[in-house]
Amino acid sequence: MDVWQLVLVGLVMLLGLLAVLVPGAPGPAILWAAVAWWALSDRSTSAWVVLLAATALLVLNVVLRPLLPSRRRAAPRQSLAMGGVAAMVGFFVVPVVGGVAGFVGGLYEAERKRLGNRPDGWASTRRLMRGSAAPLLVELMTCLLTVGAWIGALVWA
């Protein structure tokens, strides 16, 4: 696969990650399509393993979705977006664990700024994590793990 195609696949994956933060957008499907495009072009064993792992992760996300609260509950979109961006940064700074810590930290910081003080910010963060933020975090983490597997296959293959 040429370098420009890898860059395009990476940009499509970034678009899929950002689409996870938009309600109703098919972020995981965009991400899976990018992995499939790469695997079909690369045709190495590691590419097929990543495609299989991505498929399993994204199917797991679909299976877990009914078990979690609805994302349609009223939640400040700016706070969820800040948590999502912080999760993306945290995931690549401190792999895997940084995604969860970044999401909760970004959500807390956005809520603290919105509400004006720490106790209300923590209370709102806990309420959001029990409600609409948990499904977003699960979906985002499955997508981030997929991107991480892709990057790992590129680096070690």
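For every chain, the first residue of the written sequence is number 1, and numbering continues from 1 onward in sequence order. Note on the predicted model: pLDDT of at least 70 is required for a residue's local features to be given, and 80 or more for side-chain atom pairs to be given and counted; whole-chain, interface and lining totals, by contrast, use all residues. Remark: hydrogens and water are excluded; side-chain values derive from all non-hydrogen atoms of the structure.

## Here we look at the nonpolar core
Met13, Leu17, Trp38, Phe103, Leu140 and Leu144 are the most contacted members of the largest nonpolar core, which totals 33 residues. Of all the secondary structure elements, the ones that give two or more residues to this core are α1 (3-20), α2 (27-42), α3 (45-64), α4 (77-93), α5 (97-115) and α7 (133-156). Sort the elements by how many residues they give to this core and α7 lands first, with 10 residues. By the convention used here, residues are in contact when the closest approach between their heavy atoms is within 4.5 Å. With near-sequence residues (within four places) excluded, leucine 144 lies in contact with Leu17, Ala87, Met88, Phe91 and Phe92. Nonpolar core, defined: a set of buried Ala, Val, Leu, Ile, Met, Phe, Trp, Tyr and Cys residues in which side-chain atoms within 4.5 Å join the residues together. Here the term buried applies to any residue with accessible area under 20% of the maximum for its type, exposed to any over 50%, and partly exposed to those in between, with areas from a 1.4 Å probe on protein chains only. A run of H or I in DSSP counts as a helix once it spans at least four residues, and a run of E counts as a strand once it spans at least two, with each numbered from the N terminus.

## Concerning the packing of α4 against α7
Between two packed helices, what matters for the description is the angle formed by their axes and the separation of those axes. Angles here are taken between N-to-C directions and fall from 0 to 180 degrees, while the axes themselves are lines fitted to C-alpha atoms, restricted in helices to the stretch in contact. One can describe the packing of α4 onto α7 by two numbers: an axis separation of 10 Å at closest approach and a directional angle of 30 degrees. Our classification of the angle between α4 and α7 gives roughly parallel. Between α4 and α7 lies a crossing of right-handed hand. Of the residues in α7, those touching α4 at Leu80, Gly84, Ala87, Met88, Phe91 and Phe92 are Ala133, Leu136, Leu140, Met141, Leu144, Leu145, Val147, Gly148 and Ile151. Put simply, Ala, Val, Leu, Ile, Met, Phe, Trp, Tyr, Cys and Pro go in the nonpolar bin, Asp, Glu, Lys and Arg in the charged bin, and everything else, Gly too, in the polar bin. Across the contact of α4 with α7, the residue classes break down as 13 nonpolar, two polar and no charged. Geometric relationships in this document are graded by angle, where less than 35 degrees denotes roughly parallel, more than 145 denotes roughly antiparallel, 65 to 115 denotes roughly perpendicular, and other angles denote oblique. For any pair of crossing helices, the crossing counts as left-handed if the nearer helix is rotated counterclockwise from the farther one by less than a right angle, and right-handed if it is rotated clockwise.

## Quick look at the environment of serine 44
For serine 44, the location among the structural elements is in the loop between α2 and α3. Taking relative accessible area as the criterion, serine 44 reaches 22% and is therefore assigned partly exposed. Separated by 24 residues in the primary sequence, serine 44 and valine 20 place their C-alpha atoms 28 Å from one another. A distance of 3.2 Å separates the side chain of serine 44 from the side chain of serine 46, its partner in a polar contact. There is a polar contact of 3.2 Å between the side chain of serine 44 and the backbone nitrogen of alanine 47. Side-chain atoms alone can form a polar contact between residues adjacent in sequence; in general such a contact is a pair of N or O atoms within 3.5 Å, and within protein one must be able to donate a hydrogen while the other accepts it.

Such coordinate-based values are descriptive only and should not be taken to indicate function.
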